[in-house]
Amino acid sequence: MANLTLDGVTKWFDDDGDRIVAVDDVHVDIEDGEFLVLVGPSGCGKSTTLRMIAGLETVSQGDVRLGDRVINDQPPTVRDIAMVFQSYALYPHMTVQENMSFGLEESTGLSDDTIARRVEETAEMMGIDDLLDRKPGELSGGQQQRVALGRAIVRDPDVFLMDEPLSNLDAKLRSQMRTELQRLQEDLGVTTVYVTHDQTEAMTMGDRIAILNDGKLQQVATPIEAYHRPANLFVAGFIGEPSMNFFEMEREGDVLVGDDFEYSLTAETLDEIGDTERVTLGIRPEDVELVSGGEGAHEFRTVVDVVEPMGNENNVYLRFDAGGDDPQMTGDERTFVATVGGLQSIEDGQEVAARIPESAIHLFDTETGLALR
Ligand code: ATP
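Parameters at a glance
Residues numbered from 1 in each chain as written. Predicted model: local features only at pLDDT ≥ 70, side-chain atom pairs only at ≥ 80, totals over all residues. UniProt positions renumbered as here; feature names shortened; annotations may be inferred. Helix = DSSP H or I, 4+ residues; strand = E, 2+ residues; numbered from the N terminus. Contact = placed C-beta atoms within 7 Å. Domains from an automatic or database assignment. Nonpolar A, V, L, I, M, F, W, Y, C, P; charged D, E, K, R; others polar. Near = placed C-beta within 6 Å. Buried ≥ 20, exposed ≤ 12 C-beta atoms within 10 Å, placed from the backbone. Expected span 1.5 Å × (residues − 1). Pairing = 2+ DSSP bridges. Axes fitted to C-alpha atoms, helices over the stretch in contact; angles between N-to-C directions.

An unreviewed UniProt entry annotates the chain as ABC-type D-xylose/L-arabinose transporter of Haladaptatus pallidirubidus. UniProt lists a comment for the chain under the heading Sequence similarities (unreviewed entry), and it reads "Belongs to the ABC transporter superfamily. Carbohydrate uptake transporter-1 (CUT1) (TC 3.A.1.1) family."

Here it is in C-alpha cells:
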C-alpha cells in the first residue's frame, strides 16, 4: 500500500532570526492510487510541501508517512518517490535513453538488460521511442516533458510528485497533456501529488483537490464539492472563473441589508445563519439570471457596465441601478458579474434586471470566513 499521510506537517524557515512559517500544520491522507492536486496562490507553500514529501526539505514538525512508515528522516533516494519538475531537470549531456536509465541500477539493483527493456517500454508508452538517442537540447518542450515523465515512470515508484509539470507548455499542448497525464496516472494507479496554481488543472485532473492559502490547508474535497460547497470565503473566491460575487451584508431580522440591496431570507436559510450578524452573501456568476421586470422576489434593477464576449457565453458586468438618474459609470462603482448564454444580445449601458435566486446563494460568516450553508 502506498497511501501517503501528512500528519501536522509544518515547515518554518529562519530569516535573520524571524520565523517564516511556509507550511502550517497540514493534515491530509492521500489514498493508495489517488490523484491529489495541491492548489493555491503563489507563495502559499505548495512547493515546500511537495519538497518535504520528496525529502528535499526537512520537516520542522509533524510526520510524513508512506504506508505505516514515517519517512521524515529518510534520504530522497530511498523513498521510492519520483518527482517531475516544472523545469524538467534533464541532464543536458545525456541522451534520452541515458536520462531515463540514469541511477536505476544503483537504486533498484536491476540488470542492464531489464533496465533497457523497461526504458524502451516506457518510451513507447510515452511516444518517445524514436527519440531515445537524442539529447534534451534536440527536443521540443513537449518532448522534454514526456522524457521527464518517462524518467519518473520507469522508476516504478510508490508515489509521483509533480510540481507544475505542464506550465512551460503552450495552451494547446498543456490541455492535451492534461488529459494524457490523467489517463496515464489512472492506468498506472500510482499515488500522485500534483502541484499547480492553475485552477483549471486542479478542477479537471484531481480525484480530490487540497487548497492551500498562506501555508494553511483550507479544504480537501472533490473538485465538485469544493466548487459547490466551498468551506470558506477563500475557497469560494479561489475556485471558479470568473470568481464568485461577494456582498457583505448585515442581518436585520429576516433580511440581509447591504450597501447595494436588501435580501429577504426564508426561515430555512435563517436557521442556517443562526445568530451570525455579519454575513457575506456569495453568488456564482452562472447562477445570476437576467430577467425582464425586476420587481419580483430577489430581483434587482441593474445597468450593464461591460459585456465580455466569450463565444459560447458572455460575462456581463453589472452595477446596481439606484434609480436610473445617472447612466454614466464613475469607474469606482462596484460591479458584479453574470455569465449568460452567448446568444442573448446585451449591450453596455442597457438596463436589465438580475435575479439572485435564494436556492443558489452561498452564505459565509464575514468575520471567520467560514461557510454557513
Ligand atoms: P509558487 O507557486 O510561487 O511556486 P508556492 O506555493 O510553491 O509558490 P513555496 O515555494 O512553497 O510556495 O513558498 C512558501 C513560502 O515559503 C513563501 O513565502 C516563500 O517565500 C517561503 N520560502 C520558501 N523557501 C524558502 C527558503 N528556503 N527560505 C525562506 N523562505 C522560503
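So that's the structure; there's more coming.
Section: the overall build of the chain
Along the chain, the regular secondary structure elements total 10 helices and 20 strands. Taken along its principal axes, the extent of the C-alpha atoms in the chain is 80 × 45 × 40 Å. Look at the contacts in the chain between residues 6 or more apart in sequence, and 66% of them connect residues 24 or more apart.

Quick word on the domain arrangement of the chain
One can read the domain layout of the chain as domain 1 (4-238) and domain 2 (245-365). A separation of 40 Å is found between the C-alpha centroids of domain 1 and domain 2. If you look at the interface, domain 1 gives 4 residues, while domain 2 gives 4 residues. Partitioned by chemical class, the residues of the side of domain 1 that touches domain 2 number 3 nonpolar, 1 polar and no charged.

Comments concerning the site of the ligand
Surrounding the ligand, one finds 13 residues, the nearest of these being Phe13, Ala22, Ser42, Ser47 and Thr48. Of all elements in the fold, only strand S1 (4-15), strand S2 (18-30) and helix H1 (46-54) reach the threshold of two or more residues within the shell around the ligand. Examining the composition of the shell around the ligand, we find that 3 residues originate from one element, H1, more than from any other.

With respect to the UniProt feature "domain: ABC transporter" (unreviewed entry) in the chain
Here the UniProt-annotated "domain: ABC transporter" (unreviewed entry) positions come out as residues 4-239. Note that residues 4-239 is 36% helix and 28% strand, and that its end C-alpha atoms are spaced 25 Å apart.

Topic: the environment of phenylalanine 246
Here phenylalanine 246 lies in strand S11 (residues 245-252). With 17 C-beta atoms packed within 10 Å, phenylalanine 246 lands in the partly exposed category.

Details of helix H6 (residues 171-188)
Between its first and last C-alpha atoms H6 spans 25 Å; for 18 residues at 1.5 Å apiece the expected length is 26 Å, and the two agree. Downstream of H6 by a residue or two, glycine 189 has a phi angle that is positive, lying close to 65°.

Some thoughts on the pairing of strand S17 (residues 313-320)
For a regular strand, side chains alternate in direction, first toward one face of the sheet and then toward the other. Relative to S17, strand S16 (residues 299-309) runs antiparallel, the two sharing 7 bridges. The partner of glutamate 308 across the bridge, within S17, is asparagine 315. Taking the residues that link successive antiparallel strands as the turn, the S16-S17 hairpin has 3 residues, and the phi of glycine 311 there is positive, at about 95°. Pairing geometry for S17 and strand S18 (residues 336-341), over 6 bridges, is antiparallel. From the neighbouring strand, glutamate 313 faces S18, where its bridge partner is glycine 341.

Let's talk about the sheet that holds S17
Across the sheet, 5 strands lie side by side as S15-S19-S16-S17-S18; this open sheet has antiparallel pairing. For this open sheet the edge positions go to strand S15 (289-291) and S18, each flanked by a neighbour on one side alone. Strand-to-strand, the axes of this sheet are offset by a mean angle of 50°, without reference to chain direction.

A word on unusual backbone geometry
Going from glutamate 241 to proline 242, the amide bond is cis rather than trans, its omega being -5°. Tracing the backbone shows proline 242 in the loop between helix H9 (233-238) and S11. Positive phi is not limited to glycine here, since aspartate 156 has a value of about 50°. Within the secondary structure, aspartate 156 is located in the loop between helix H5 (141-153) and strand S7 (159-163).

Regarding the sheet that holds S11
The strand order S13-S12-S11-S14-S20 describes an open sheet built from 5 strands, whose pairing is antiparallel. If you trace the sheet from one side to the other, it starts and ends with strand S13 (262-264) and strand S20 (362-365), each paired once. With direction set aside, neighbouring strand axes in the sheet form an average angle of 35°. Pairing of S11 with strand S14 (residues 278-283), which is carried by 6 bridges, proceeds in the antiparallel orientation. Paired with glutamate 250 across the two strands is arginine 278, which belongs to S14.

Some remarks on the environment of alanine 116
Following the sequence through the fold, alanine 116 ends up in helix H4 (residues 112-125). With 16 C-beta atoms packed within 10 Å, alanine 116 lands in the partly exposed category.

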